[in-house]
Amino acid sequence: MKKLISLTVSATLVLSSLSLTVGTSGFKLTSIDVVSAASESETPTKETTPSKTTTPSKTTTPSKTTTPSKTTTPSKTTTPSKTTTPSKSTTNKTTTKTTTKTTTKTTTKTTTAPVKTTTKTTPAKTSAVKPAESPYVDGVYVAYGNAYSKGTEGAKVTIKDGKIAAIELLRTSPKLIDRDVRNNYSGLWNAYETMKADLLGKTQEQAAKVDVVSGATRSSEGWKLSVDRAFQRALKEKPKGVTYFAGEHMGVDPEGKYMVFATFDATKRTAVKVYPLDASGNAIEEANMTSEQAALVKAIAAELLAKGTGAVGSKGQEAEYKAAVNAYWDAEQNAKVNNDSKYIDGFYSAYGSARDKGVERADVYIRNGKLVDVKLYRLGSNLIDRGDTAYAEVVKANAPMTAKLLANGSYIENFKDDVDAIAGATESSHSWNLAVERAFEKALKVPGKAKYFEGTFAGVDNLSRLLVLADIKADHVSNVKVFLFDDAGKLIASDKLTDEQQTVVAQLTEGLTQKGANMTPIVGQENLSLAARAAFADLLNNASKTQGNYKDGTYTTYGDAYDKGTNRADVTLRNGVIVGLKLYRVGVNMVDRGASAYAEVVRAIPILTRDLLFAGTREQAAQVDVVTGATSSSTALKTAVENAYKKAEISETYKTAYINGIFAGINKDKSVYVMVTVQNNIPFKMEVFYLDENGKIKTEDQLTADEKAVKAEIETPTAEGSLHKYGYRPAAFGETEGVKAVSAQVIEAVKDALENAGR
């Protein structure tokens, strides 16, 4: 009986305190920290507060103004070290105030000190001089440089006190969404960090003087221009008579039909170019357009130049013109000095209305207050994506609902059952729309006072043992419900609970209702109590209006490879917590070896799986001990879990093309196994192995002349730290048909390895 209602969670783990105060209609939520759904450890501050951007030691230690030892004569009374040596967080204003107070006290007691000297040396006079008021409004500003056919540079800049307090550099695709660094040209790979480091802490004038990075001149200039435009947008008083940033600006409609380039001077548009987009979101150049496409975009461009957003299409072309107008509008917003969007561009994720059968989630990209990309998910009662296993009607509704939202460019206001819902999936349609609406609220530049959305929310511990549902209104929690999962991961119906289970559920419900995540553990049911507290914390994270640091989802990642294979982890994250984990030891054919792996590795995998799930968070997972007898595999599997977090980062604290380490790849027919070594985030070494029909590595004497030739070409060493010749956009090669065929297979494996190594 106890087996059904207990958890295999370490009872010695201690839950970090969550601040809750009782309100009239439930709990008043004040300060909720992220908590692992299995580990009772509080998520370290390090995860949510990157040290690079939050420790501006140079600006917060004003030593010159805080030690006025020469001017305050009586050393015993005027140099109390605790008072006059402020900590890093103490401001100049506070320090001056304290010193003045001390000096006044001393002057009163020391009557022999001349008044003239006291007046001269008292720092009170300096405190009367107020620092010049910043001409900028503090905040986050996204701006873009001049556009060209491959995209444009951008910058998300946090301005505080007239300086760059934080910055994320963007290199966009034609859809103006920041693309993976590895998909940019290689000259940029090392430029991100150099430019970011050089721009941090700078004023507008100082940023303009930052040197460009050799090999990335165009992008460096684009980033500098983006930063300058961000400062211009932040000005409290904008220049009179200036409406636009002079230059060429790009826009794309939310449906991804057209890309528009609009050129502006300070007051008006001066030129418009229109390009249709292909299925991958890339512009179709004029030389590759059909005659019909060329004629249509020429007509659309002329109409946009003449009328801008007032352009109207001819009969039968209304939809095309509408899409092009939306793309032009987007370009114009990017060009405006006074961009009045209420939202901060970027990625946001939110949940819809929860129930015991699950909930909907939406992952969206917002630009200029418009939805430019959206992915919809249906989660099960364990809050993990069901994918194609969801209800058939819900699966069918996903694509039309996505199209409807993109056509709208936002969530659907005044959503009506009979008009806007997808037939057969009304409930999910409403919930998806609500999730998108909440994502927009997360993106607000000026958020409301409430910390949590209103509605019904769910939370599950990361071992999927217990589900908690609760209502939230005005930051109060009420109507708490607790559900247990059985060993198969299904919710146990209330009428199927045993008497003991009913008693425990009632006690957990009462405990959470009374004290939330601070509930007192039930004697004899400590593990299940800890799970309930963690599920409650998960619920609050799902209801939070603050965007987390990681994208929810499942990530397949690898540890270091060698000539016997590699180690793989399938990691499912929710709110930055590991909620699902499968570990594998794979051979050179990249297939799970299962029980045929080394005995110590087979023994270690379930132990590591358990310990990493208990750890829950990124920092705690890094502290998990390796398993004796399987040290190297344990280390590789832990590395794979860490790599999942790197791939899941929304706003990378640093941008690199590749993760350091040794990564394996294989071609489709599993005849080639390649290992790529990444150092300083650049692929610089490659090794090629050919496999026989049994998935074993061929010996040297088994290789054909063509295989040897390709192997020698790929394995030709490069200078350490230099980019491998096939580390950037590799392509098949060879002068004979035999070499071409083999190289195509090897390059396929190289690409797979690079993808596994990519961030």
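Conventions we followed
- Residues numbered from 1 in each chain as written.
- Predicted model: local features only at pLDDT ≥ 70, side-chain atom pairs only at ≥ 80, totals over all residues.
- Heavy atoms only, no water.
- Helix = DSSP H or I, 4+ residues; strand = E, 2+ residues; numbered from the N terminus.
- Buried < 20%, exposed > 50% of the residue type's maximum accessible area, 1.4 Å probe, protein only.
- Areas by Shrake-Rupley, 256 points an atom, 1.4 Å probe, with all protein chains shown as cover.
- Pairing = 2+ DSSP bridges.
- Axes fitted to C-alpha atoms, helices over the stretch in contact; angles between N-to-C directions.
- Contact = heavy atoms within 4.5 Å.
- Parallel < 35°, antiparallel > 145°, perpendicular 65-115°, else oblique.
- Left-handed = near helix turned anticlockwise from the far one by under 90°.
- Phe/Tyr/Trp six-rings, centres within 6.5 Å; stacked < 30°, edge-to-face > 60°.
- Lys NZ or Arg CZ within 6 Å of the ring centre and 35° of its normal.
- Polar contact = N/O pair within 3.5 Å; in protein donor to acceptor, adjacent residues only side chain to side chain.
- Salt bridge = Lys/Arg side-chain N within 4 Å of Asp/Glu carboxyl O.
- Nonpolar A, V, L, I, M, F, W, Y, C, P; charged D, E, K, R; others polar.
- Core = buried A, V, L, I, M, F, W, Y, C linked by side-chain atoms within 4.5 Å.
- Arc of directions from axis to C-beta.
- Expected span 1.5 Å × (residues − 1).
- pLDDT = per-residue confidence, 0-100.

Draft legend 1. A look at the overall build of the protein chain. Across its full length, the protein chain holds 23 helices and 20 strands. Expressed as a percentage of the 759 residues in the protein chain, the buried residues total 49%. Accessible surface computed for the protein chain: about 35,900 Å², of which carbon and sulfur atoms make up 52%.

Draft legend 2. Expanded view of the sheet that holds strand 7 (residues 258–264). Taking strand neighbours across the sheet as the criterion, the 3 strands line up as 6-7-8 in an open arrangement whose pairing is antiparallel. Here the strands that pair on one side only, and so sit at the sheet edges, are strand 6 (247–252) and strand 8 (269–276). The average undirected angle you get between the axes of adjacent strands in this sheet is 20 degrees. Judged from the 7 bridges that link them, strand 7 and strand 8 form a sheet pairing that is antiparallel. When the sheet's bridge partners are listed, Tyr-258 is paired in strand 8 with Pro-276. Of the strands in this sheet, strand 7 and strand 8 touch helix 13 (residues 291–307), which is tilted by about 155 degrees from strand 8. Each of strand 6, strand 7 and strand 8 touches helix 14 (residues 318–335); the most contacted strand, strand 7, lies at about 45 degrees to it.

Draft legend 3. Layout of the packing of helix 15 (residues 392–408) against helix 16 (residues 426–442). Orientation of helix 15 relative to helix 16, taken along the N-to-C sense of each, is 40 degrees, at an axis distance of 10 Å. Classified by the angle between their axes, helix 15 and helix 16 sit oblique to one another. In the packing of helix 15 onto helix 16, the handedness of the crossing is right-handed. For the pair helix 15 and helix 16, contact is made by Val-394, Ala-397, Asn-398, Met-401 and Leu-405 and by Ser-428, Ser-429, Trp-432, Asn-433 and Val-436, respectively.

Draft legend 4. Spotlight on the pairing of strand 17 (residues 577–586). Taken across its 10 residues, strand 17 has 9 buried, putting it largely inside the fold. Of the pairings in the sheet, the one linking strand 16 (residues 566–574) to strand 17 comprises 9 bridges and is antiparallel in character. Looking at the pairing, Arg-568 lines up with Tyr-584 of strand 17. Linkage of strand 16 to strand 17, two consecutive antiparallel strands, is achieved through a turn of 2 residues, within which Asn-575 is found at a positive phi near 55 degrees.

Draft legend 5. Inspection of the packing of aromatic side chains at higher detail. Per the counting criterion, the structure on display carries 13 aromatic pairs. Directly above the aromatic system of Phe-261 lies the positively charged group of Lys-273, at a separation of 5.6 Å from the ring centroid. A cation sits over an aromatic face here: Arg-568 above Tyr-584, 4.6 Å from the ring centre.

Draft legend 6. Representation of the side chain of Gln-547. Within the secondary structure layout, Gln-547 lies in the loop between helix 18 (526–543) and strand 15 (553–558). Of the polar contacts made by the side chain of Gln-547, one reaches the backbone nitrogen of Ser-349; its length is 2.8 Å. Among all residues touching Gln-547, those that are not within four sequence positions of it are Phe-347, Tyr-348, Ser-349, Lys-442 and Ile-650.

Draft legend 7. Inspection of the pairing of strand 4 (residues 153–160) at higher detail. Taken together, the 6 bridges between strand 3 (residues 139–144) and strand 4 define a ladder with antiparallel strand orientation. Bridging from a neighbouring strand, Gly-139 pairs with Ile-159 of strand 4. For strand 4 and strand 5 (residues 163–171), the ladder comprises 8 bridges, and the chain directions are antiparallel. Counted as the bridge partner of Lys-160 is Lys-163 from strand 5. Hairpin geometry of strand 4 and strand 5 is characterised by an intervening segment of 2 residues between the two adjacent antiparallel strands and by a positive phi of about 55 degrees at Asp-161.

Draft legend 8. A look at the sheet that holds strand 17. Spatially, the 3 strands line up as an open sheet ordered 15-16-17, and their pairing is antiparallel. Of all strands in the sheet, those with a lone pairing partner are strand 15 and strand 17, marking the two edges. Neighbour-to-neighbour, the strand axes of this sheet turn through a mean angle of 15 degrees, independent of strand direction. Contacts between helix 21 (residues 631–648) and the sheet are confined to strand 15, strand 16 and strand 17, with strand 16 contributing the most and set at about 40 degrees to the helix.

Draft legend 9. Representation of the pattern of salt bridges in the model. Counted according to the given criterion, the structure contains 30 salt bridges. A salt bridge links Asp-373 to Lys-375; the nearest nitrogen and oxygen atoms lie 3.8 Å apart.

Draft legend 10. Examining the packing of helix 10 (residues 191–199) against helix 12 (residues 217–234) more closely. Relative to each other, helix 10 and helix 12 sit at 35 degrees, their axes nearing to 11 Å. Regarding helix 10 and helix 12, the two cross each other, and that crossing is right-handed. On helix 12, the residues that touch Ala-191, Tyr-192, Met-195 and Leu-199 of helix 10 are Ser-220, Trp-223, Lys-224 and Val-227. Looking at side-chain class alone, the contact of helix 10 with helix 12 contains 6 nonpolar, 1 polar and 1 charged residues.

Draft legend 11. Looking closely at the nonpolar core. In this structure, Leu-199, Val-227, Ile-714 and Val-746 are the most contacted members of the largest nonpolar core, which totals 51 residues. Considering every element that reaches this core, the biggest residue donor is helix 23 (residues 737–757), with 9 residues. With residues up to four places along the chain from it excluded, the contact list for Val-227 reads Ala-155, Val-157, Ile-164, Ile-167, Leu-199 and Ala-207. Core analysis: the next-biggest nonpolar cluster, separate from the first, contains 32 residues, Met-250, Val-272, Leu-277 and Val-297 among them.

Draft legend 12. Structural detail: helix 22 (residues 705–715). Within the span of helix 22, buried status applies to Glu-707, Val-710, Lys-711 and Ile-714. Each buried residue of helix 22 lies within a common arc of 100 degrees when the element is viewed along its axis, so the set occupies one face. Looking at the buried side of helix 22, the elements it contacts are strand 20 (682–690) and helix 23.

Draft legend 13. Focus on the environment of Gly-424. As for its placement among the helices and strands, Gly-424 is situated in the loop between helix 15 and helix 16. In the structure, Gly-424 is positioned 28 residues away from Lys-396 in sequence and 9.0 Å away in space, judged by C-alpha atoms.

Draft legend 14. Representation of the side chain of Thr-566 within the structure. Note that Thr-566 resides in strand 16. Owing to a relative accessible area of 0%, Thr-566 belongs among the buried residues under this scheme. At 3.1 Å, the side chain of Thr-566 forms a polar contact with the backbone oxygen of Gly-559. Discounting residues that sit within four places of it in the chain, Thr-566 has contacts with Tyr-558, Gly-559, Asp-560, Ala-561, Tyr-584, Arg-585, Val-586, Met-590, Ala-664 and Tyr-673.

Draft legend 15. Inspection of helix 23 at higher detail. When the terminal C-alpha atoms of helix 23 are compared, their 30 Å separation across 21 residues agrees well with the 30 Å that a helix rising 1.5 Å per residue should span. Val-739, Val-742, Ser-743, Val-746, Ile-747, Ala-749, Val-750, Ala-753, Leu-754, Asn-756 and Ala-757 are the residues of helix 23 that are buried. Lining the buried residues of helix 23 we find strand 15, helix 21, strand 18 (661–666), strand 19 (672–679), strand 20 and helix 22.

Draft legend 16. Layout of unusual backbone geometry. Unlike most non-glycine residues, Asn-479 shows phi in positive territory, near 55 degrees. With respect to the secondary-structure elements, Asn-479 resides in strand 14 (residues 476–484).

Draft legend 17. View of the confidence of the model for the protein chain. When the pLDDT values of the protein chain are averaged, the result is 85; 83% of them are 70 or greater. Throughout residues 1–27 the model reports pLDDT below 50, and contacts reaching past four residues in sequence, or to other chains, amount to 87 contacts. Per-residue pLDDT stays below 50 along residues 30–122; that stretch engages in 123 contacts with residues further than four places along the chain or on separate chains.

Draft legend 18. Structural context of the environment of Phe-457. Structurally, Phe-457 can be placed in strand 12 (residues 455–460). Each C-alpha atom, one on Phe-457 and one on Val-468, is 8.3 Å from the other, the two residues being 11 residues apart in sequence. The contacts of Phe-457, once residues within four sequence positions are left out, are Ala-354, Arg-438, Val-468, Leu-469, Ala-470, Ile-472, Leu-539, Asn-542 and Ala-543.

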